[in-house]
Amino acid sequence: MLAFCLDYQRVVSGGLSHMPACQDCTSSGFQVLSALMRSDEGAGLVNLKPTDEPVDLYAKVADRGREIIAEGKPLIKSDLGEWAVQEIVAQGIPVSRKLSKAIVMPKVYGSRTMSGAQRICEELNANLKVYELDTLKFAIAHTLAVALEQALDELMGPATEFQKWLSSVGYIIGKNALEPVLTLPDGFQVVISEREKHTIKIENSYFKRERFNFATGLPDKFNPRRYASTLPPNLVHALDATVLRILATKLEAHGITSVTVCHDDIGCHCIHLELVNKLYREAFLETIEKCTLIEQLYAIAKDVDDSTPQPPAQGEYDLNEILTARYALS
């Protein structure tokens, strides 16, 4: 409080504020995927295009999810499918932005439908207490999860299709027991590797648990399914990290060293907010423009499997729009 009071006094006396403030990306995972696919519509939904007001992807997905539910068609393969969608409408169970975020945010990192349904169950705990049977509660949550995933696929089609392509390439790489080295846009190198864990089981009654599992060295068995599920999020994380490394270099060149970063959240002094925002967009553009990961992954998979699918076709989004997309980071 004292720091704030001193800072406030400095500002009202004509000085500049040094209070910390944070800026956060709009679903950075989908920003990366949409930019790589040059998806104009997707870029617009994650604030990679210049607008007067920020676009809310989670709200857009929730709006479309409500429309899908209102159509009244069963969305899950269950005897309760028709009942669940009708019950959501009849009871006015909300298809809210909060539920949308519970599906959209983890989806880019490989979350599955059933995991999303479980998160929705937890979010809607108060609304679902009237249903005594867990099967009824989960049927409602599962239906909502499917509706929101369908809405996401409709709105962010190129990005979600790209995710599926990455998963198929990951499976091919894992099936052939490869651990390729990829070069990121700034020259940093990463290794793709997903091996099975060898474990030993230890009985231990003191902790009232039957057994513990411990990794016992580097295993020699590869897990193609793990490759498939982890390649899309690992690509996003690798490029997020590239953006931050390039940003750090730009900030240092401007004499800005008091910053904090956590994934796609950047903190700095208030007086540097605008400059940090501008430099971040420049770093993001440089990362995407120089990215050759799609070509690298396709060449690696194609070399061992001729049936490797071609990467999805890119759209017509102009990457330079990033430079004037003020709300890409806000």
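Residues numbered from 1 in each chain as written. Predicted model: local features only at pLDDT ≥ 70, side-chain atom pairs only at ≥ 80, totals over all residues. Heavy atoms only, no water.

## Here we look at the nonpolar core
Now for step 1: With 90 residues, the main nonpolar core has Phe30, Leu144 and Leu297 as its most contacted residues.
Now for step 2: If we skip the residues at most four places from it in the chain, leucine 144 touches Ile69, Ile88, Ile93, Val95, Leu99, Ile120 and Leu124. (Core = buried A, V, L, I, M, F, W, Y, C linked by side-chain atoms within 4.5 Å. Buried < 20%, exposed > 50% of the residue type's maximum accessible area, 1.4 Å probe, protein only. Contact = heavy atoms within 4.5 Å.)

## Focus on the sheet that holds strand β6 (residues 259–262)
Whether parallel or antiparallel, the strands of a sheet pair through hydrogen bonds between backbone atoms.
Now for step 1: Here we have three strands laid out as an open sheet, ordered β1-β7-β6, and antiparallel in their pairing. Looking along the sheet, the strands with just one partner apiece sit at the ends: β1 (20–24) and β6. Recorded for the sheet is a direction-independent mean angle of 20° between the axes of neighbouring strands.
Now for step 2: Those strands touched by helix α11 (residues 273–290) are β1 and β7 (265–269), and its axis lies near 145° from that of β7. (Pairing = 2+ DSSP bridges. Helix = DSSP H or I, 4+ residues; strand = E, 2+ residues; numbered from the N terminus. Axes fitted to C-alpha atoms, helices over the stretch in contact; angles between N-to-C directions.)

## Observations regarding the packing of helix α7 (residues 113–123) against helix α8 (residues 134–155)
Now for step 1: At a minimum axis distance of 8 Å, the contact between α7 and α8 shows a crossing angle of 120°. Our classification of the angle between α7 and α8 gives oblique. Viewed along their axes, α7 and α8 form a crossing whose handedness is right-handed. Residues Thr113, Met114, Gly116, Ala117, Gln118, Ile120 and Cys121 of α7 form the contact with α8, whose participating residues are Lys137, Phe138, Ala141, His142, Leu144, Ala145, Val146, Leu148 and Glu149.
Now for step 2: Grouping the amino acids of the contact of α7 with α8 by side-chain chemistry returns 10 nonpolar, four polar and two charged. (Parallel < 35°, antiparallel > 145°, perpendicular 65-115°, else oblique. Left-handed = near helix turned anticlockwise from the far one by under 90°. Nonpolar A, V, L, I, M, F, W, Y, C, P; charged D, E, K, R; others polar.)

## Comments concerning the pairing of β7
Now for step 1: Sheet analysis places β1 next to β7, joined by five bridges and oriented antiparallel. Directly across from proline 20, in β7, lies its bridge partner histidine 269.
Now for step 2: Where β6 and β7 come together, four bridges link them in antiparallel fashion. Pairing of cysteine 262 across the sheet is with aspartate 265, part of β7.
Now for step 3: Two successive antiparallel strands, β6 and β7, enclose a turn made up of two residues, where histidine 263 displays a positive phi of approximately 60°.

## Re helix α6 (residues 97–107)
Now for step 1: All of the buried residues along α6 are Leu99, Ser100, Ala102, Ile103 and Val104.
Now for step 2: Where the residues of α6 are buried, they touch α2 (28–36), α4 (57–70), α7 and α8.

## Considerations on a nonpolar patch on the surface
Now for step 1: Side chains of Met1, Phe4, Tyr8 and Val12 sit close together on the surface and give an oily, nonpolar patch of about 490 Å² of accessible area.
Now for step 2: Among the structural elements, phenylalanine 4 can be located in helix α1 (residues 2–12). (Patch = residues over 30% accessible without salt bridge, like charges linked within 9 Å, V, L, I, M, F, W, Y side chains within 5 Å. Areas by Shrake-Rupley, 256 points an atom, 1.4 Å probe, with all protein chains shown as cover. Salt bridge = Lys/Arg side-chain N within 4 Å of Asp/Glu carboxyl O.)

## So, the confidence of the model for the protein
Now for step 1: With 92% of its residues at a pLDDT of at least 70, the protein reaches an overall mean of 89.
Now for step 2: Every residue in residues 204–210 is under pLDDT 50, and counting partners more than four places away or in other chains gives six contacts. (pLDDT = per-residue confidence, 0-100.)

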